[in-house]
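Chain residues, written in single-letter form:
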Amino acid sequence: MAKETFVVFEGGGAKGISHIGTLTAIEDRNLKIIGTAGTSAGAIVASLVAAGYEADDLLSEKEPNTEFVSDDTNNVSLKTLFDSLGTSQNKVLDLLEPRHWRRIRRLRWLLNAGNEVTRTRIIKTAAVAFIFFILWPIFSMLELRSFVPWVPIKVAAFLAGLAWVLSIACHVLLAVFLAYFTYFFSGLGSLRLFTDALDELLAAQDIEPKGDRVTFGDMKRHGRILKIVAAEISTGKMRLFSTENLICQDIPVSEAVAASCAVPLVFRPIQIQGSYYSDGGMVSNLPAWSLDEHLILDEESWVITSESVPADRLPQSKSKKTQFRRKEPKGFKALTAITNTAIFGAADLSTRGIAHHVSIAVPTEIGLLDFDITAQDAYDWVLASSFFADGVLEARFEEIEFLKDVHNKALAAIRNIDGLGKTKLRSALVKPIDSTGDNVAGYHLWCCEGFDEHPDKHLMLGKAGTLIDACLNGEKYGAYADLGTPEGRLRFYSPDKTGRLKVITPTCRKWALALPLSGARLLRASVAITFDGDVALGSNFEKVHGELVKLSKTWQA
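Small disclaimer: the values here were computed from a predicted structure and weren't measured.

Participant: Account for the overall build of the chain, naming residues and giving values.
Facilitator: Scanning the chain from terminus to terminus reveals 20 helices and 14 strands. The long-range share in the chain, meaning contacts at least 24 apart out of those at least 6 apart in sequence, stands at 69%. Of the roughly 28200 Å² of accessible surface on the chain, a fraction of 58% belongs to carbon and sulfur atoms.

What follows is the structure in structure tokens.
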């Protein structure tokens, strides 16, 4: 039976091309997508997947130069956006009006022009020119002869007249600059053509809209789960457009997606039901939290988050020998770094508490505004993304199979020991709950065997005082607790001052052992494995401990 999966697509502008690679890997693993969520570029992919499109529909794996490139350029696009519309101009740029794309391209050039020195010179030159044109008329309007008596009257009069002309010209230029500045902040381009294209794409699937456009209500009637996040700038709040929200039933999906994609400065805000919306990445760039209502009822489903990270910002080794000092960002590079941190820096917080979370963070060199990426580059990045995503998914399946194998072997070995023939064993893989950076906030029993209907299945634990924390911090051969004693029961999961864990911890457990999983492969999530049984070990402790340690070492194989 295919594993039911929710997929969350992160925002990221043109970097969203990597989502197609992740989607390819998910489909190749025969995972059943039962719901999607997304922000900005991720909202586009989420809506198309919810409508029934697959990865091959979005970007063909055939030779790109013959499949989705126009005759006069090598610009790439989502093939579906044009095949469904029956147009021969299959380029992403066709979804933007030419004058809008020119403005966006200038903005991209300003943010990426040359190196840091070039950008600094541009700023200094503009500042000097602006100051000169403001101060020169003022200087010329003074009684020049009082400072330079030998200047002829005619020359002074000419300079005074010129000063008035320059003064008027400067004020006009200043007014034009302020007007353009105001217009710039209202958005360089429109998403009208994009919205029209997405409407036709959604209607082309087996969703039969009641009206002219596919709405969230139409999606819900066909059993689709879709969540789109946007920033409601009219009220300064986050807005979740959802198939489960009654208020959203009549809202066209394309409008919500466009609202989520309306990057400030780049695109104009989108009006929906009297309010204006901009890029959802400003408030929640990875909306995994939007699936909480579904995960409460179905904790066994997976949640896969498709993310993209700059290739030069991959996690570095914690070893002092391999760490290096990063350069301080300056100028526009500092502004870009601050913006990226504000948008992408809190991804870990969006996924805390999800039992079966798989993070696929694909390294990419594509920029936010690289909509004119070449076909070959797009093809290469999608292919690389699919390979990377498949590696992450393969690691998760390996972990699940590892636990099943170790659990069955451990149970057989323990039952072969005298006096333990009727032992009921439980095993669980433990992964850390990241808070920020390298800081671990706690641990999660994310993959369990033998727990049946026990209430502590998929339990989240605090960091300090737990058996798991002890095994990961100094106890070389694991941490053991005799649950037949008050001290052991207290150590099982945590001190638990509230008594909550004492209530949900099964009283039939007699012992527990947590072992570290050292030598883990790069893409694996687990850091420890726990075992507990319902028959006291007594003098058999050494035998059981030895068997379990030996089995846990197969993790490194």
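There is more to say, and it comes next.
Participant: How would you sum up unusual backbone geometry? Please name residues and give values.
Facilitator: The backbone phi angle of N30 is positive, close to 60°, even though this residue is not glycine. With respect to the helices, strands and loops of the structure, N30 is situated in the loop between α1 (18–28) and β2 (32–39). One non-glycine residue, Q273, lies in the positive phi region at around 50°. With respect to the helices, strands and loops of the structure, Q273 is situated in the loop between β5 (270–272) and β6 (275–278).

Participant: Outline the pattern of salt bridges, listing residues and values.
Facilitator: The full count for this structure, using the stated rule, is 15 salt bridges. With a closest N to O distance of 3.2 Å, D405 and K409 form a salt bridge. One end of the pair, D405, and the other, K409, are both in helix α16 (residues 375–415), four residues apart, so they sit about a helical turn from each other. Through salt bridges with shared partners, a single network forms among R426, D456, R509 and D532.

Participant: Outline the packing of helix α2 (residues 41–51) against helix α10 (residues 192–203), supporting the account with residue identities and numerical values.
Facilitator: Put simply, α2 and α10 touch, their axes get as near as 10 Å, and they point 20° apart. Considering the angle they form, α2 stands roughly parallel to α10. Residue-level inspection shows I44, S47, L48 and A51 of α2 in contact with α10, the latter providing F194, L198, L201 and L202.

Participant: Please set out the environment of N408 residue by residue, giving values where relevant.
Facilitator: Counting through the fold element by element, N408 comes out in helix α16. N408 sits in the partly exposed class, given a relative accessible area of 49%.

Participant: Quick rundown of the packing of α10 against helix α12 (residues 253–261)? Include the residues and the values.
Facilitator: Taken N-terminus to C-terminus, the directions of α10 and α12 make an angle of 135°; their axes are 9 Å apart at the nearest point. When the interaxial angle is binned, α10 and α12 end up oblique. Note on packing geometry: the crossing formed by α10 with α12 is right-handed. Seen from α10, the contacting residues are F194, T195, L198, D199 and L202; seen from α12, they are V253, S254, E255, V257 and A258. Residue classes in the contact of α10 with α12 are distributed as six nonpolar, two polar and two charged.

Participant: Summarise the layout of surface pockets; cite the residues concerned and give the values.
Facilitator: In this structure, the second largest pocket occupies an estimated 360 Å³ of space. Lining the second largest pocket are 22 residues, and of these E299, G353, I354, A355 and M460 lie nearest its centre. Breaking the lining of the second largest pocket down by element, the ones donating at least two residues are α13 (292–295) and α19 (500–504). Here the residues of the lining of the second largest pocket are counted per class, giving ten nonpolar, six polar and six charged.

Participant: Residue-level account of the environment of L537, with values.
Facilitator: Among the secondary structure elements, L537 is positioned in the loop between β14 (528–533) and α20 (541–552). With 55 residues separating them along the chain, L537 and D482 place their C-alpha atoms 8.8 Å apart.

Participant: Report on the pairing of β2, specifying residues and quantitative values.
Facilitator: In terms of strand pairing, strand β1 (residues 4–9) meets β2 through six bridges, oriented parallel. Counterpart to V7 in the pairing with β2 is T36. Between the parallel elements β1 and β2, the chain passes through α1 in a crossover that is right-handed. Here β2 runs beside strand β3 (residues 226–232); their pairing, made up of four bridges, is parallel. By the bridge assignment, T36 is partnered in β3 with L226.

Participant: Mind laying out the packing of aromatic side chains, listing which residues take part and the relevant values?
Facilitator: A full pass over the atoms with the stated rule returns four aromatic pairs. A centroid spacing of 6.4 Å and a plane angle of 20° characterise the contact between F216 and F241, whose relative ring orientation is stacked. Residue F216 is located in helix α11 (residues 216–221), and its partner F241 is located in strand β4 (residues 237–242); the two are separated by 25 residues in the primary sequence. Take F216: its relative accessible area is 0%, and that puts it in the buried class. A connected cluster of aromatic rings, assembled from ring pairs, spans F216, F241 and Y277. Above the plane of the ring of F451 lies R426, whose end atom (NZ or CZ) is 4.0 Å from the centre.

Rules of the game
Residues numbered from 1 in each chain as written. Predicted model: local features only at pLDDT ≥ 70, side-chain atom pairs only at ≥ 80, totals over all residues. Heavy atoms only, no water. Helix = DSSP H or I, 4+ residues; strand = E, 2+ residues; numbered from the N terminus. Contact = heavy atoms within 4.5 Å. Areas by Shrake-Rupley, 256 points an atom, 1.4 Å probe, with all protein chains shown as cover. Salt bridge = Lys/Arg side-chain N within 4 Å of Asp/Glu carboxyl O. Axes fitted to C-alpha atoms, helices over the stretch in contact; angles between N-to-C directions. Parallel < 35°, antiparallel > 145°, perpendicular 65-115°, else oblique. Buried < 20%, exposed > 50% of the residue type's maximum accessible area, 1.4 Å probe, protein only. Left-handed = near helix turned anticlockwise from the far one by under 90°. Nonpolar A, V, L, I, M, F, W, Y, C, P; charged D, E, K, R; others polar. 1 Å grid on protein atoms, 1.4 Å probe; cavity = no way out; pocket = protein on both sides within 12 Å on 5 of 7 lines; lining within 4 Å. Points joined across faces, edges and corners; volume = space filled by probe spheres on them. Pairing = 2+ DSSP bridges. Right-handed = clockwise from strand over helix to strand, strands pointing away. Phe/Tyr/Trp six-rings, centres within 6.5 Å; stacked < 30°, edge-to-face > 60°. Lys NZ or Arg CZ within 6 Å of the ring centre and 35° of its normal.

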